[in-house]
4 protein chains.
Amino acid sequence: MMQNAARTNQTVADAIIVSDPFNGAPIGTVAETSADSVPELLDRARTGARIARSLPRHKRSAILEKTASLIAADKEDFAVLIVREAGKTITQARKEVTRCINTLKLSADEAKRNAGEVIPFDSYAGSEARQGWYTREPLGIIAAITPYNDPLNLVAHKLGPAIAGGNSILLKPSELTPLSAVKLVDTLVAAGLPDEIITVAIGGAELGRAIVSAKEVRMISFTGGFATGEAISKSAGIKKLAMDLGGNAPVIVMENSDFDAAVEGCVSGAYWAAGQNCIGTQRILVQRPIYERFRDEFVAQTLKLKTGNPLDADTDVGPMITEKAVGRASAMVERAIEAGATLLCGHQPSGNLYPPTVLENVPATCDAWNEEVFAPIVILEPFDSIEDAITLANSPEYSLHAGIFTNDLEDALDAADRIEAGGVMINDSSDYRFDAMPFGGFKYGSMGREGVRFAYEDMTQPKVVCVNRLKRS
Amino acid sequence: MMQNAARTNQTVADAIIVSDPFNGAPIGTVAETSADSVPELLDRARTGARIARSLPRHKRSAILEKTASLIAADKEDFAVLIVREAGKTITQARKEVTRCINTLKLSADEAKRNAGEVIPFDSYAGSEARQGWYTREPLGIIAAITPYNDPLNLVAHKLGPAIAGGNSILLKPSELTPLSAVKLVDTLVAAGLPDEIITVAIGGAELGRAIVSAKEVRMISFTGGFATGEAISKSAGIKKLAMDLGGNAPVIVMENSDFDAAVEGCVSGAYWAAGQNCIGTQRILVQRPIYERFRDEFVAQTLKLKTGNPLDADTDVGPMITEKAVGRASAMVERAIEAGATLLCGHQPSGNLYPPTVLENVPATCDAWNEEVFAPIVILEPFDSIEDAITLANSPEYSLHAGIFTNDLEDALDAADRIEAGGVMINDSSDYRFDAMPFGGFKYGSMGREGVRFAYEDMTQPKVVCVNRLKRS
Amino acid sequence: MMQNAARTNQTVADAIIVSDPFNGAPIGTVAETSADSVPELLDRARTGARIARSLPRHKRSAILEKTASLIAADKEDFAVLIVREAGKTITQARKEVTRCINTLKLSADEAKRNAGEVIPFDSYAGSEARQGWYTREPLGIIAAITPYNDPLNLVAHKLGPAIAGGNSILLKPSELTPLSAVKLVDTLVAAGLPDEIITVAIGGAELGRAIVSAKEVRMISFTGGFATGEAISKSAGIKKLAMDLGGNAPVIVMENSDFDAAVEGCVSGAYWAAGQNCIGTQRILVQRPIYERFRDEFVAQTLKLKTGNPLDADTDVGPMITEKAVGRASAMVERAIEAGATLLCGHQPSGNLYPPTVLENVPATCDAWNEEVFAPIVILEPFDSIEDAITLANSPEYSLHAGIFTNDLEDALDAADRIEAGGVMINDSSDYRFDAMPFGGFKYGSMGREGVRFAYEDMTQPKVVCVNRLKRS
Amino acid sequence: MMQNAARTNQTVADAIIVSDPFNGAPIGTVAETSADSVPELLDRARTGARIARSLPRHKRSAILEKTASLIAADKEDFAVLIVREAGKTITQARKEVTRCINTLKLSADEAKRNAGEVIPFDSYAGSEARQGWYTREPLGIIAAITPYNDPLNLVAHKLGPAIAGGNSILLKPSELTPLSAVKLVDTLVAAGLPDEIITVAIGGAELGRAIVSAKEVRMISFTGGFATGEAISKSAGIKKLAMDLGGNAPVIVMENSDFDAAVEGCVSGAYWAAGQNCIGTQRILVQRPIYERFRDEFVAQTLKLKTGNPLDADTDVGPMITEKAVGRASAMVERAIEAGATLLCGHQPSGNLYPPTVLENVPATCDAWNEEVFAPIVILEPFDSIEDAITLANSPEYSLHAGIFTNDLEDALDAADRIEAGGVMINDSSDYRFDAMPFGGFKYGSMGREGVRFAYEDMTQPKVVCVNRLKRS
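Residues numbered from 1 in each chain as written. Chains lettered and ligands numbered in written order. Predicted model: local features only at pLDDT ≥ 70, side-chain atom pairs only at ≥ 80, totals over all residues. Heavy atoms only, no water.

- For chain A, the name recorded in an unreviewed UniProt entry is Aldehyde dehydrogenase family protein, with Shinella curvata as its organism.
- UniProt annotates chain A under Sequence similarities (unreviewed entry) with the comment "Belongs to the aldehyde dehydrogenase family." (UniProt positions renumbered as here; feature names shortened; annotations may be inferred.)

Here it is as C-alpha cells:
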C-alpha cells in the first residue's frame, strides 16, 4: 500500500518504488505527487496551519514527547528501515534513531518556552505611557525538503521545531528514501498530531519547483545539494529560506596532538555513512614531522574496515545511495589521479559499494579538493606551520565543520578563531554534531542555523503588542 | 563635489543631481556608480570585511556612540537635509534625526553584548567529555538597500547593527535621497570607522542587480517596494535576505474607545510623511454607531492640516517624493471613485503636493483597499462587530502594523491575537515604532525583523567551538 | 517501618507518628533525627555533593523525567497519601500530584539548558586579548525546609531545580506531613538518583537550627511561616536564602466585571486547601454599587460548600492541619467580631474542621485584616474608586499574589502596576500559580523567586573562565 | 564644609576627618551620621524609592550616562582624590576611574533592557485561556556598604545597577574613604539624579547595625571583611543579601607555561593596590622543575618595585590604608616565620608603608596560608603534579579568583573545572576583573554575583501579570 497517500488527500496516479541501495531489492512503494496537485496540497496545508496555530503549547509539546516515546519503543524497526532505504550500517542507523528521539524531545521542550519578551518602551523618551511585549507566533506553512543521507533525523530537525512553533508543514522527502519520513509522520499522527498539520508530497524536480514557488509557503527549510539550493533560492520569491548545503571539511593534525586519538577520530570522521555526510572529513592536513607515520597508520586502519551488507553487525561501510553517486565519486578520484594525485588505497567500486579511498598529493585545482565529494574518499596533505594549515583548511568556498587535533592551548583557540566554519571541533574530527547546538556553515555552506532552539526561532516570528496608556500620556 | 566618490574608490563617470521635491531645486550631486564597477566595490568591501571583523567590540561600540554624539551636535543640519531631499516637514525630520541617534546608540550597546553561549554538550548521553560554546561572528559583506522615505534612520537601522556585528557594508541608498546617507557615512568615518568598512554605491536598477547577485555578498537587507523586493529575491541566490516591503495598515475604532484620542491618533497616523510611511494608517474601520460622528470629525481635522513648504514650521504635510508618486496615488483614488467610492476631501494635486485625502464606500476590489497606497490617502469604513472588523483588517495580503482604539480588555487582547500583523498598537494608530523592538510584518509585508537587537542577530552567525576532553573520554 | 531511616544513615532513636488530620488516625511513622546527628548528615550530604556535581546533565535530566513518569503511574497513591497526611480533599490532592509531575518535568528540561554564556571581554579597551565564558555550577549542599500545606509539590519545587543544578540536598519536610516527601525521595532514588544526593532529616526546631547554621550548607530554601523565616534569617550566617513566607491576598471586584466569574473565582480562591494556601484569597474588595449583590451571592455559594472527609469525592473543604491551627484561626475571627466585625457565615469549628467563614466590617486594625489567616476565612469590604481599592489592597505589609476582576483595560493595567504583589491575576482570584513562572512576593512576603527556571538559577552559580591569549597581547 | 550633609538632611553633630594614608595629612571632613538618625534616613530613602520607581528607563539611563561623561571630564580630580584618601598609586587610581566610567555606562545600558518576559501559560494543560508576562520591578530601598580599597568603582558597582533598576539607595561608604563616594553621588545629582534617590550615611559599626536591621531595607549589598559580613548576615533578618568578602587567591605556574609572562603576571597580581585587593594573588604555586628559577626571578622583580608616595608617577606600591592594617599584616608574617617560613624579601614596615614581601616554606597551618592577608605579601610553594597544585589551590575555605599559567589545553581546562573559585584566569594572575562579567566567589568568598547585569537582576524582582481570558475559558 502506498503509505503516504492519506497524508496528501491525493488520488494516486503514479507510484515510486523505493529500493535497497545494497541489493536493489524493492522495499516499498509510495504515491508520486504530481506538480499539478500543489493547489490541493496548499488547501490541506492551509487548514493545517489554522489547526496548528490553535494548538496550545502543552499539546504541541505532549505530541512531540509522545512521538519520541513511540519511536523509542519501535527503535529497531526504524533502524532497519533506514538501513534498507539509505544503506547506512545498522550501527549508524541505530545512532540516527537515538538522535531523532533526542531531536523530538528537544522540540517538545522548546514548545513550552521562548514565548516572547516584555519590551521596555519607556526606555525611549516620549514613550513613557506605552507598555507591551512581543510573542512568538507561527509563520504559517513551511515547506521542508529533506535529503537521503539522514532520512529520519534530518526530517525530525524540520518537523520538530516547526510543530513546536505552531506551523503547518509541507514535507517533500527525498524520493530515494521517503519511507523513514512517512513512518515518522505516521508516528506523529499516532501520537495525536492533527493529520492536516503535515502534508507529505513525494516527487521530482517539477513538484519541488511548484512547492517552492507557491506564494502561501512562508518558509523553505532545505537540506540537500548546492545545485538544488541555488535553484530554490532563485524561484522562491519573498519567503524565508534556511539551507544546509554541505561542506568540505578539513581536519588539522598537529605534531603535539594525541596521535592515536587523531588517527581514530579521522578514520571515523571520514567514512561514516559511506562519506555521505555533510560534516564528513574530506581533507586531513597533517603536520609534516608526523605526516608519514600518520599516513601509514591511517591507511592501515582504513584497510581494516569492512565494506558490505549494512545489515551485518560487523560492516563498517555500507553502500552509497545509487550507482550514479558512486560514478560521480569515482570520476572525481579519476580526475585527481590524472592530475597527479597518488591513490593510497580503495577506489574499486562494485555496484553501489565504494570502498574507503585515500589520496595524497592532490593538486589544489582538483574538484576532489575544492568541491564536496560526499563519498568515502579522503585526501591527506602535509603542512609546516599552523598558518599554512589554516590557509589550506580555508581554501574551498564551502565550509560547514572543521576539526583540529592539538593539545596546545594557543593553537587550539587560534584555529577555532581563524578557520572559517560553522563549527570547529578540537581533538575531534569534523564529524561531531549535537542536536541542540546551532548547526550550519560559513561561506557557501548554508543559510541560517538548524539545531532545535535556533530552528524554532527561525520558524516563528515576533508579534508586538503595545498598549498606549491614554490616562498616563 | 560628489560627496560619495571617496566612499567607493570610483572614477566618476556620471553624476546624479539630487533635487528638492518641494520646488525642484537642485540640492546636491553624487557620483553614479555603474554596474561595471561592482567588482571593484567588492574588492573594497572585502578589505572592509577583514578590517571590520578584527575591530574589537569596544571600538565598534565607541565609533557608533561617537557617531550618535556627532549627529546630536549637528542635528539641525541633518534635519534640514532630510527636508530638502525627502520633503518631510522639519518637525518630522527632526524626529527622524532623534530616532537615528537612538538607533546608533542602541547599536553601540548591542556591540558590547550578545557574544554567545556555553553549549551544554553533556546534556546528551555520550557527549560527557565535550565542552564548548558558540560565539557570534560577522557574516562578511552585507548589502544594504534603502528607500527615500526615511533617508537617514532606515540607513542607520542597517549600518548600526551591521557595524556592531563586525561586518562590511555595501550601501545603496535611494538615488532620490542619497545625501542623508552619505552624510551619515561621513559622520561614521569622522567618528573613527575605518573607511573601507562602508562602500557607498548610488545608481539604478542595473547596479542593484549586480550587487544583489554578487556571490560574496552574504546578506541583503532591503527596505523598499514589493516589486523590487520580488526581483531581489529571484536574483540573489544563496544569501540571507531581510526585507521590509511595507504594508496597508488598518486601525479599528471601537464605540467604547476614547473618541478624541482615536480621531487625533488616526489623523496623525494617516498623514505623517505625506503618507509615505510603511506603517501609515491606510484604512480606518469604525464601529457603526460612531461612524458618522467619527467621519465628520476626522474630515474636519484633516481639512485643518496645512500642506506646503516642508521647511515652514507650521506645515503639516509636505510634498510627495516625485510627480510620478503623486500620479500613482492620484490614479488609485480616481479608480476608487470610478468604482463607486465617495471622496470626502482632498485629491487636488499641485506639483508634488497632494493634500490629505479621505475616501469612504471604497469597494473591496479597489487597489486603494488592497495595495499599499503610500500617499496621504485614507479610507473610512464602518463595521458592526469586532469579528467583522478583524476580517476587514486582515483582508489585504500585506500587513505590517495595525491599531485598535478600545478600552475593553477582551476586545483589545482579542484584536491583538487575531489581526495578522507584526505589531498591533492598542489605543494608538498603526504608526508607532520603537527602534529597539522587533519590526516587520506578517504575510507579504516582510521577511525577518529589524530593530537593533534583532537585526544584530540576523547580521551575525553562530560559530561553535567544541573541545573533546580526551582525558575524560 | 521508618521509611526515611535509609535516607539519613541515622540510628533511629525516636520515632514520629504521623496522623490523619481528619480523624487523628495514625498513618505512618518516621524516624526522628536529632540535632546531634547533623555532623553525620553533613558527611552524607558532602558525599552527595561530590556525586551530584559529577552527574552529567543528561543523567540529571533523565532521573527527573523518570521520576515524573513513575509518579504519573502511581498518581492515586500519591494523592491519597496527601489526603491522609495533609487533609486536602482528594480533588485538590490529585491536582497537586499533577502539578508535581509538571514541576519535575520542567526541572528535567532545565537540567539540559542554561549552561552559561560567552563573555565579550573585548568590549572593554585593554581586554582585546582575552576570551572566555561563564558556566553555571552547583552551589554544593542546599537545605530545603518545606511546609505541610503542599506536602508534595512544594518539596518538588526545591528538589527538582536543586538536582537539575547538580546539588546535594538536606531535606527537612514538615514533621506533620513527612510521608509525601519521603515517598517522593524514594521515587527519585528508584528512578536512579544516587542515594546520597538527598538526605532526609525529620524533626523539630532544634534540628532545624542545627541545619540552618551549618557552615557547609551553601543555601537554605525555606517555605513556611514568618516567625520561622525570621529565625532562620538570623541564624543562617553567610549563605544564600530563598524564602516563601506567605501572604494576605486581596482580590478587587470592579462593577464592570463579569459578576458570575468574579463570585466563582473568589469562592474557589478563598477556600482551596481549607484556606491553608499562601496565595489564598483573604480579602475581597468589592466596588460599592455591586457590594451587596456580591456579598449575598458569595455567602450563598459559600454555604453550599461541603466541609468534611477529604477522601469523599464531594467534599469541598477538608480539615485544617491541627487543632492548634483551628484554634489560631478561630481566635482571629473572635477578635475581629469583638472589634466590630460582622460574621456572615461559618465559624463553628468541630475538631480539625473549620467551615468556610465570611466576615464584613472588619476594622483595619484587626489581625484578620493585617496578618496571614491561613484558614478558610475571608473578609468582604466595599470600596468606591479603584484608587481606594488599591490602597486597601496594599495596606498589609505582606504581599504575594493579588487579583482583580474587571474588563476595563486601563483599570486592569493600572491595578497590575500599582498593587504591590509578586503576581497580579486579572479576572482571576489570587489563587493561580503556574509552576514555570517566577513565584514570590513583594514586601515581607518572600525573598527571591521560585518557579523552576528561577530556582535553578538561584541554586547554581556562575564560574568565569578567562583565557589571556598571550600571543595576541 | 561637610560635603555629605545635604545628602542626608542631617543636623551635623560630629564630623569625621579623612586623612591621607601616606602622610596622615587631613584631606577632608564629612559629617558623622549617628545611629539615632536612621529613622530620618529611612524617611528620605522611602521618598527616594517612590521617585526612583517612577523614573522612566530612559531617564535612569540618561542620568547614568551623563554621570559617566562628567567623570570622564573630571578624571584627574577623581584619580587624585582616590590617591589621597585610599593611598593607591596614581596609575592605579586612574585605572579605577576608567573602570568606574565603564561600570556606569554598563549600568546605563542595562537600564534600557531586561524588562521581562512573556510567560507561556498555555504550556500547562488547563491554562490555555491565560496569557501574561512578568516585568522587572525595583526592590525599594537598598543599603550599599562599601570598603576603602576601591573607594570609587566598588561604590559605582552598587549605585549603578540599583539606579538602573529603579531603586533608592542608602549608601554607607567606608569612613576611611568617604570622599570619592560623596563626589560620585554629587556627580550623579549634578547629572540629574533626583536627590532623594541616594542617601549617604557615614559612621561606625553602630550606624551599620541600625541600617542593616531596618525592616524597610529590602536588600543589603556589602563588600568588605568576613567578620562584618557575618555580623550583617545575623542581624539583617528577611532581606536579600549580596556579599563580596574577599578571597585568598592562588596562581598555579606550570612548567610548560610562558615563563616571563608568568613572572610578570604574578608580580602585578600580588602587589596591586598594596595587596589590598580581594582578587590579589596571595599564593603562587610553581611546578617543581622551575620553582627555583621562578622564585629567583620573582624576588628580583619584586625588589625592583618602588614603595613610596602614591602621587609619584614612578611609585609601584603605595601605603596601606592604616597602621593597624600594616600591623595585622606584619603580625601574620611574623607568625609564619615563627612557624618555619622563610622570608625572601620585604617585611620592613615604615609607617603605613609595607614593602612587597615574599615568603616560602609557609606551613599550611599558618593564617598567612589560610586567611586573607589583604597586604602586599605573597607565598611561593612548589608542587609536583597538577593534581597536587589543585589540592593546594583549594585548601583554604575562601575563594574568589584563581589563575593558572600553562599552554597545555587539558591542564588549562582541568584547572578551570576543578579549582573552586568564582573565576579562573588562564595565563593570567588572579587579579583580572571585567566589570560586566559575573563577579563573586565559591565557598565562603561571597554570596551572589556582582557585575552590572547580574547585580541589576539581583536588585530587581519579577512581577507576574496574568490575564484570564474569560471568553476563551
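Picking up where we left off.
Here we look at the relation of the copies chain B and chain C
Link 1 in the chain: Note on the copies: chain B fits chain C at an RMSD of 0.0 Å, the axial shift is 0.0 Å, and the rotation between them is 180°. Taken together, the rotation and translation describe the operation of a two-fold axis. By C-alpha distance to the rotation axis, the residue of chain B lying nearest is B:Glu117, at 1.9 Å.
Link 2 in the chain: Taken together, the interface assignments show that 100% of the residues at the interface of chain B recur at the interface of chain C, consistent with an identical surface on both copies. (Least-squares fit on C-alpha atoms with pLDDT ≥ 70 in both. Contact = heavy atoms within 4.5 Å.)

Description of the interface of chain B and chain C
Link 1 in the chain: At the junction of the two partners, chain B supplies 28 residues and chain C supplies 28 residues.
Link 2 in the chain: In this assembly, chain B packs against chain C so that about 2,100 Å² is buried in total across both faces, 63% of it on carbon and sulfur atoms.
Link 3 in the chain: At the boundary of chain B with chain C, the tally comes to 2 salt bridges.
Link 4 in the chain: Close ionic contact of B:Arg57 with C:Asp122 constitutes a salt bridge, the shortest N to O distance being 3.6 Å.
Link 5 in the chain: Our count for the chain B to chain C interface comes out at 14 residue pairs in polar contact (both at pLDDT 80 or more).
Link 6 in the chain: When residues of the side of chain B that touches chain C are traced back to their parent elements, those giving at least two are α2 (57–73), β3 (116–119), β4 (130–138) and α14 (409–418) of chain B.
Link 7 in the chain: Broken down by element, the side of chain B that touches chain C gets its largest block of residues, 4 residues, from β4(B).
Link 8 in the chain: Here the residues of the side of chain B that touches chain C are counted per class, giving 11 nonpolar, 9 polar and 8 charged. (Buried area = accessible area lost by both parts, 1.4 Å probe. Salt bridge = Lys/Arg side-chain N within 4 Å of Asp/Glu carboxyl O. Polar contact = N/O pair within 3.5 Å; in protein donor to acceptor, adjacent residues only side chain to side chain. Helix = DSSP H or I, 4+ residues; strand = E, 2+ residues; numbered from the N terminus. Nonpolar A, V, L, I, M, F, W, Y, C, P; charged D, E, K, R; others polar.)

What about the packing of helix α3 (residues 57–73) of chain D against helix α7 (residues 178–190) of chain D?
Residues and elements named next belong to chain D.
Link 1 in the chain: At their nearest, the axes of α3 and α7 sit 8 Å apart, and the two run at 120° to each other. Accordingly, the angle class assigned to the pair α3 and α7 is oblique. Both α3 and α7 take part in a crossing whose hand is right-handed. Every residue of α7 that contacts α3 at Ile63, Leu64, Thr67, Leu70 and Ile71 is listed here: Leu184, Thr187, Leu188 and Ala190.
Link 2 in the chain: Of the residues in the contact of α3 with α7, the class split is 7 nonpolar, 2 polar and no charged. (Axes fitted to C-alpha atoms, helices over the stretch in contact; angles between N-to-C directions. Parallel < 35°, antiparallel > 145°, perpendicular 65-115°, else oblique. Left-handed = near helix turned anticlockwise from the far one by under 90°.)

Structural notes on the state of the cysteines
Link 1 in the chain: Counted according to the given criterion, the structure contains 0 disulfides over all chains.
Link 2 in the chain: Among the cysteines around A:Cys366, which has no disulfide bond, A:Cys345 carries the closest sulfur, lying 17 Å off.
Link 3 in the chain: A:Cys366 gets classed as buried once you look at its relative accessible area, which sits at 5%.
Link 4 in the chain: Sulfur of D:Cys466: no disulfide; nearest cysteine sulfur belongs to C:Cys266 and is 15 Å away. (Disulfide = S-S within 2.5 Å. Buried < 20%, exposed > 50% of the residue type's maximum accessible area, 1.4 Å probe, protein only.)

Section: the relation of the copies chain A and chain B
A rotation about an axis combined with a shift along that same axis relates the two copies of the chain.
Link 1 in the chain: Mapping chain A onto chain B calls for a screw motion: a turn of 180° about the axis and a shift of 0.0 Å along it, with 0.0 Å RMSD after fitting.
Link 2 in the chain: The overlap is high: 100% of the interface residues of chain A also sit at the interface in chain B, so the same surface is used on both sides.

Quick look at the sheet that holds strand β6 (residues 168–172) of chain C
All names here are of chain C.
Link 1 in the chain: Across the sheet, which stays open at both edges, the 6 strands sit in the order β7-β6-β5-β8-β9-β19 with mixed pairing between neighbours. Across the chains shown, the open sheet's two edge strands, defined by having one partner strand only, are β7 (198–200) and β19 (446–447).
Link 2 in the chain: Here strand β9 (residues 240–244) runs beside β19; their pairing, made up of 2 bridges, is antiparallel. Bridging from a neighbouring strand, Met243 pairs with Met447 of β19.
Link 3 in the chain: Contacts between helix α1 (residues 38–54) and the sheet are confined to β5 (141–145), β6, β7 and β8 (217–223), with β6 contributing the most and set at about 140° to the helix. (Pairing = 2+ DSSP bridges.)

Observations regarding the packing of helix α3 (residues 75–86) of chain A against helix α6 (residues 178–190) of chain A
Residue and element names in this part refer to chain A.
Link 1 in the chain: Orientation of α3 relative to α6, taken along the N-to-C sense of each, is 155°, at an axis distance of 8 Å. As the angle between them shows, α3 and α6 are arranged roughly antiparallel. In this structure, α3 uses Asp77, Phe78, Leu81, Ile82 and Glu85 to contact α6, whose residues at the interface are Pro178, Leu179, Ser180, Lys183, Leu184 and Thr187.
Link 2 in the chain: Here the residues of the contact of α3 with α6 sort into 6 nonpolar, 2 polar and 3 charged.

Structural notes on a negative patch on the surface
All names here are of chain A.
Link 1 in the chain: A cluster of like negative charges, contributed by Asp258, Asp260, Glu264 and Glu297, occupies part of the molecular surface.
Link 2 in the chain: Among the structural elements, Asp260 can be located in helix α9 (residues 259–271).
Link 3 in the chain: Given the relative accessible area of 55%, Asp260 is considered exposed. (Patch = residues over 30% accessible without salt bridge, like charges linked within 9 Å, V, L, I, M, F, W, Y side chains within 5 Å. Areas by Shrake-Rupley, 256 points an atom, 1.4 Å probe, with all protein chains shown as cover. Lys, Arg positive; Asp, Glu negative; His and termini not counted. Charge placed at Lys NZ, Arg CZ, Asp CG, Glu CD.)

What about helix α4 (residues 75–86) of chain D?
Residue and element names in this part refer to chain D.
Link 1 in the chain: Its 12 residues give α4 an end-to-end C-alpha distance of 16 Å, which sits within 8% of 16 Å, the value for a rise of 1.5 Å per residue.
Link 2 in the chain: Of the residues making up α4, those classed as buried are Phe78, Ala79, Leu81, Ile82, Val83, Glu85 and Ala86.
Link 3 in the chain: In this fold, the buried residues of α4 make contact with β1 (14–19), β2 (26–32), α3, α5 (90–111) and α7.
Link 4 in the chain: Phi for Gly87, located one or two positions after α4, is positive at around 80°. (Expected span 1.5 Å × (residues − 1).)

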